Amino acid sequence: MKTNASKIFKLAGAEAVLTEAQDLRQYLTGLSTTFGYVLTDKDGTVFYTDSRYIEGATKALKDSDISVRIYENPPEKLLSKYREVAIPVGRTLYGDYEKLKSAGLKIVDSLPSFTSAMSVKEDYELAYIKEACKIADKAFVDLLGQIKEGMSENDVAAHLEFLMRKYGASGTSFDTIVAFGENSSVPHHETSLRKLRFGDIILIDFGCKFGGYCSDCTRTMLFGDDKKHGDFKSAYEKVLKAHMVAKENITDGVTGMQADAFARDCLKKYGLDKYFTHSLGHGIGINIHEFPRLSPKSTDVLVNRMVFSDEPGVYLEGEYGIRIEDSIMLENGKVVSLTDSDKKLIIL
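Residues numbered from 1 in each chain as written. Predicted model: local features only at pLDDT ≥ 70, side-chain atom pairs only at ≥ 80, totals over all residues. Heavy atoms only, no water.

Q: With reference to specific residues and values, describe the sheet that holds strand 10 (residues 208-210).
A: Backbone-to-backbone hydrogen bonds join strands into a sheet, with any given pair of strands oriented parallel or antiparallel. Ordered in space as 7-10-11, the three strands form an open sheet in which the pairing is antiparallel. Only two strands of the sheet have a single neighbouring strand rather than two, namely strand 7 (171-172) and strand 11 (213-214). With two bridges joining them, strand 7 and strand 10 adopt antiparallel strand pairing. Counterpart to Gly171 in the pairing with strand 10 is Lys209. The sheet strands contacting helix 7 (residues 123-144) are strand 10 and strand 11, and the helix crosses strand 10 at an angle near 140°. (Pairing = 2+ DSSP bridges. Helix = DSSP H or I, 4+ residues; strand = E, 2+ residues; numbered from the N terminus. Contact = heavy atoms within 4.5 Å. Axes fitted to C-alpha atoms, helices over the stretch in contact; angles between N-to-C directions.)

Q: Outline the packing of aromatic side chains, supporting the account with residue identities and numerical values.
A: Under the counting rule described, the total for this entry stands at 11 aromatic pairs. Arranged with centres 5.9 Å apart and planes meeting at 85°, the rings of Phe35 and Tyr37 form a pair that is edge-to-face. Accessibility expressed as a relative area gives 12% for Tyr37, which makes it buried. On the numbers, 5.5 Å between centres and 85° between planes, the contact of Phe232 with Tyr320 is edge-to-face. A residue pair is termed long-range when its members are at least 10 positions apart, and Phe232 in helix 9 (residues 230-249) and Tyr320 in strand 17 (residues 320-323) qualify at 88 residues. The burial state of Phe232 is the same as that of Tyr320; both residues are buried. (Phe/Tyr/Trp six-rings, centres within 6.5 Å; stacked < 30°, edge-to-face > 60°. Buried < 20%, exposed > 50% of the residue type's maximum accessible area, 1.4 Å probe, protein only.)

Q: Outline the pattern of salt bridges, supporting the account with residue identities and numerical values.
A: Using the criterion set out here, one finds 18 salt bridges in the structure. Taking the shortest distance from any N to any O, the salt bridge between Arg91 and Asp23 comes out at 2.8 Å. Here Asp23 lies in helix 2 (residues 22-29) and Arg91 lies in the loop between strand 5 (84-87) and helix 5 (94-102), a separation of 68 residues in the sequence. According to the relative accessible area criterion, Arg91 is partly exposed, its value standing at 39%. According to the relative accessible area criterion, Asp23 is buried, its value standing at 11%. Between Glu290 and Lys121 there is a salt bridge, and its shortest N-O distance comes to 3.4 Å. Of the two residues, Glu290 is situated in strand 14 (residues 290-294) and Lys121 in the loop between helix 6 (111-119) and helix 7; the sequence distance between them amounts to 169 residues. Judged by its relative accessible area of 11%, Glu290 falls in the buried class. For Lys121, a relative accessible area of 1% corresponds to the buried category. The network of salt bridges with shared partners includes Arg219, Lys247, Asp326, Asp340 and Lys343. (Salt bridge = Lys/Arg side-chain N within 4 Å of Asp/Glu carboxyl O.)

Shown next as structure tokens:
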């Protein structure tokens, strides 16, 4: 079985490629480990790790093009027979970089190779992401019937995370955000002990991992209708329209800037663009935030087999926030939604 290590070696174009960063190492090996170095040259790839992982890694990689060895020598000694090495410069500690330089090695930056390779997904990666999205959808739908008055934001987050685990997730993609009422106006609110009351807005931003790959979804709803949320309901419809306009217009070859503008210009028609305080989206993969960026200044080009988020929002300080987010991908030049639970305003 070929891993991504040979792909990165060819792209980097150096005599050897050394990778230590945890997420990049996982991309190469398919294993989530807290320690290790992956070294690739023309003769193949070796994963050096410690006694905590040696047995599991050996078993997992036995039919792959990566051999596993116990880590005994520091990186500069592992590279003693080479003249140049590719490392992800922006992800390497300065002290480690200096040690390699002091050893007389010519440094090549492998990070651009990782960025381009990781942004366009292989079939197995898409399968993992789709399953992570399916699990997130199922857990969210089941959660709705369990939300009760008096529960805290923390309680709701815990229930949702339990359900995602129950349905096969290995963990969350990020810290689950649950925001009630006025807390929803903070885009990345820290989930708290604030209790749910009748008439509250509920915003939930959540995702899970499957096979090491992430999903990302946000839904905003009402807990009972106290007939005091006319402005909120109107704004919700505009945000949902912006979300759908982006989906309908994003195609293979547009830039992140153009993608962001589809949603932002839609909100501008209603005077809501000034309340859209973050970018439209971000790439999704092993990491919850990857290339490409869908933002007002992004020149990143969106192409088939990229997975990213579509998440327009509006936030009125101290009043309410609305975000509607799906994980989506480009396939045959058009957007396909990977999370697909109902986006019409839910009133519990």
